[in-house]
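Observations on the three-dimensional arrangement
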Amino acid sequence: MIPYGRQDISAEDLDAVRQVLTSDFLTQGPAVPEFEARVAKSCGAVHGVAANSATSALHIACMALGLGPGDRLWTVPNTFVASANVGIYCGAEVDFVDIEPDTYLMSPAALEEKLRWAERDGTLPKVLIPVHFAGQSCDMAAIGALAARFGIRVIEDASHAIGARYRDAPVGDCAYSDICVFSFHPVKIITTAEGGLATTNDAALARAMELHRSHGVTRDRSLMESKSEGGWYYEQVALGYNYRMTEIQAALGISQMTRLDAFVARRNALARRYDEKLSSLSLVRPAQREDVLSSFHLYPIRVTDRARIFDALRAAGIGVNVHYIPVHTHPFYRARGFDWGDFPAAEAYYREAISIPIYAGLDDADQDLVVAALSDALG
Ligand SMILES: *Cc1c(COP(=O)(O)O)cnc(C)c1O
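Keep in mind that this is a model prediction, so the values were computed, not measured.

Our focus in this paragraph is unusual backbone geometry. Omega for the peptide link from His-323 to Tyr-324 comes to 5 degrees, which places this bond in the cis form. Locating Tyr-324 in the fold gives a position in the loop between helix H10 (306–315) and helix H11 (331–334). The phi torsion at Arg-167 lies on the positive side, around 50 degrees, for a residue other than glycine. Tracing the sequence through the fold places Arg-167 in the loop between strand S6 (165–166) and strand S7 (169–170). You can call Arg-167 partly exposed: its relative accessible area is 42%. We note that Phe-296 has phi near 45 degrees; this positive angle belongs to a residue other than glycine. With a relative accessible area of 7%, Phe-296 lands in the buried category.

Lining the immediate surroundings of the ligand are 14 residues, of which Thr-55, Asp-157, His-160, Ser-183 and Lys-188 lie closest. In the environment of the ligand, an oxygen atom lies 2.9 Å from a nitrogen or oxygen atom belonging to the backbone of Ala-54. In this structure, Tyr-324 approaches the ligand through a side-chain N or O atom, which is 3.1 Å from an oxygen atom. Relative to its unbound accessible surface of 380 Å², the ligand loses 93% to contact with the protein. Of the pockets mapped on this structure, the ligand occupies the second largest pocket. Classifying every residue of the shell around the ligand gives four nonpolar, eight polar and two charged.

Rules used throughout
- Residues numbered from 1 in each chain as written.
- Predicted model: local features only at pLDDT ≥ 70, side-chain atom pairs only at ≥ 80, totals over all residues.
- Heavy atoms only, no water.
- Helix = DSSP H or I, 4+ residues; strand = E, 2+ residues; numbered from the N terminus.
- Buried < 20%, exposed > 50% of the residue type's maximum accessible area, 1.4 Å probe, protein only.
- Near = heavy atom within 4 Å.
- Polar contact = N/O pair within 3.5 Å; in protein donor to acceptor, adjacent residues only side chain to side chain.
- Areas by Shrake-Rupley, 256 points an atom, 1.4 Å probe, with all protein chains shown as cover.
- 1 Å grid on protein atoms, 1.4 Å probe; cavity = no way out; pocket = protein on both sides within 12 Å on 5 of 7 lines; lining within 4 Å.
- Sits in = over half its atoms within 2 Å of the grid points.
- Nonpolar A, V, L, I, M, F, W, Y, C, P; charged D, E, K, R; others polar.

Here's what the structure looks like:
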């Protein structure tokens, strides 16, 4: 089976993990801050805060922005459920903004219209989470301008998009957002097995995320209410979680970061090959904005007879997948008042979508097998 995505682990990655396992620290040592600095630097942000998953990083990002009961979080339906669930974790209400029909990214036009209505009703969101679907940046200049106009905070869900660029700058520089979150799950661009990281240029937000990542406990005098009673002293000043990344994960991440550009280049080369080889087939290839370099986490195609094509590809040993079942159609969200029909662009895309294999270790010969299987299936 050729999977739709998989990790690429080198001999250097194995050495890095082996070394950290015999070092003094398996957690709370020097590797996590080094990884944080490394990722922040590579995307031009001031601060990096690592966590044990992107879901955790999104959660502490929402907490740092003060999201709570009575507040609203908006994201897109075309995402993994975690982008929405973090709002529920905070006790906020979750709502969605539909996607553009060609890029499958948050539509700035739909966002503007929904914000106007919400302003009139007094139901503006506190936090907006645009998602850089498939590795392609949303139109962050437009989204950032709307957020500024309506007084909304922005967290970019860049789980798919480390190494991507928007208008000649790296995704993660937070030029149009408060916080940007990456995922290091094995199918993503680089991996730490499980792991995530939030970048920000705001020192107070970075400190708040660090606090919430580790029980709400601090040894920082400036955050304490009482004066220190001695070298052992710490205070819990908020209710946080244990969302820490281990040294083992960070060591793998540091090693993987050395190949980030190569991974993104290979994924782009594969995408260009698909663009060429699929151009004569009756399917829709993913549209690319002109002002982005995608990291091509996914290569989503659209076909009219989706279920049949999906089954034929699986039967041919091609591990295709579908990204995403619109979040608002899951039973959990339907029980909260949403239903089919609410977000037509996300639903129309979903009904035809198939993600075909793309990952750094996919070779040309295997990619040609995918193309041949697809060609057969389409008849
Ligand atoms: C993978 C993913 C997440 C969650 O990442 P984890 O690291 O698995 O918690 C969140 N949002 C999107 C869009 C994702 O693809």
